[in-house]
Amino acid sequence: MKKDDCFYLGKIVKKYSFKGEVLAKLDTDQPGLYEKLDAIFLDLKNNLVPFFIEKSQLHKSNLLRIKFEDVDTEADADSLIKTDLYLPLELLPKLNGNKFYYHEVIGFNITDKNYGDVGVVTGINDSTSQALFEIDKNGTNILIPMNDEFILEVNRENKTITVETPEGLIDLYL
């Protein structure tokens, strides 16, 4: 399994018990969807390795308490701390309407209601406090905030996103 075929679910943040249990911080708004997993991929030295789950349960809000098969000691659990967790893309719940996953809209065309064709989404920059569409228009990089008020429509069938940005925003880049 390659990372391109998976999505990031979270990270193991600490051990929970002397029996090898760990706590994972999940990067999701719906942690309950991932409470009854059979297996999960751990990123060990840039290789995704499947680990089978004996039992798991939600612990507090977005922490998942996990007991893996063959992880039976504190030392075993210690070796997994700060390890990223991944699941295959097909396990992502389907979104509809104007909600989308970042990886899903790469390659979509962006059209502004007032400006017209803006360009193609080449990436999402989520390293800032406001996530941004990274858009290529004939070699020029345009950044548009991923603000719910700006996004009018996400059309998965036609691979288009219609936005209405503040006047002059796109002109700043051209």
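Conventions and cut-offs
- Residues numbered from 1 in each chain as written.
- Predicted model: local features only at pLDDT ≥ 70, side-chain atom pairs only at ≥ 80, totals over all residues.
- Heavy atoms only, no water.
- Helix = DSSP H or I, 4+ residues; strand = E, 2+ residues; numbered from the N terminus.
- Rg over C-alpha atoms; globule rule 2.2 N^0.38 Å.
- Buried < 20%, exposed > 50% of the residue type's maximum accessible area, 1.4 Å probe, protein only.
- Contact = heavy atoms within 4.5 Å.
- Areas by Shrake-Rupley, 256 points an atom, 1.4 Å probe, with all protein chains shown as cover.
- Pairing = 2+ DSSP bridges.
- Axes fitted to C-alpha atoms, helices over the stretch in contact; angles between N-to-C directions.

Digging into the overall build of the protein chain
Moving on, step 1. When its secondary structure is counted, the protein chain shows one helix and twelve strands.
Moving on, step 2. Helices and strands appear in the protein chain in the N-to-C order β-β-β-β-β-α-β-β-β-β-β-β-β.
Moving on, step 3. Here the C-alpha radius of gyration of the protein chain, 20 Å, is well above what a compact globule of 174 residues would show, namely 16 Å.
Moving on, step 4. Structurally, the protein chain occupies a C-alpha span of about 60 × 30 × 25 Å along its principal axes.
Moving on, step 5. For the protein chain, with 174 residues in total, the buried portion stands at 39%.
Moving on, step 6. Summarising the internal contacts of the protein chain: among those between residues at least 6 apart in sequence, 53% fall at separations of at least 24.
Moving on, step 7. Split by element, the accessible area of the protein chain, about 10,400 Å² in all, is 47% carbon and sulfur.

Some points on the pairing of strand β8 (residues 116–125)
Moving on, step 1. Examined bridge by bridge, strand β7 (residues 109–112) and β8 share four bridges and lie antiparallel to one another. Note that in β8 the partner of T111 across the bridge is D117.

Side note on the sheet that holds strand β9 (residues 132–137)
Moving on, step 1. Taken together, six strands build an open sheet; the order of strands is β10-β9-β8-β7-β12-β11 and the sheet is mixed. Two strands bound the open sheet, and with one partner strand each, they are β10 (140–145) and β11 (151–155). Going across the sheet, the axis of each strand differs from the next one's by a mean of 35 degrees, ignoring polarity.
Moving on, step 2. Of the strand pairs in this sheet, β11 and strand β12 (residues 160–163) are connected by four bridges, and their pairing is antiparallel. Opposite E153, over in β12, you have T162 as the bridge partner.

Overview of the environment of G168
Moving on, step 1. Position of G168 among the secondary structure elements: in the segment after β12.
Moving on, step 2. For the pair formed by G168 and M1, sequence separation is 167 residues and the distance between their alpha carbons is 44 Å.

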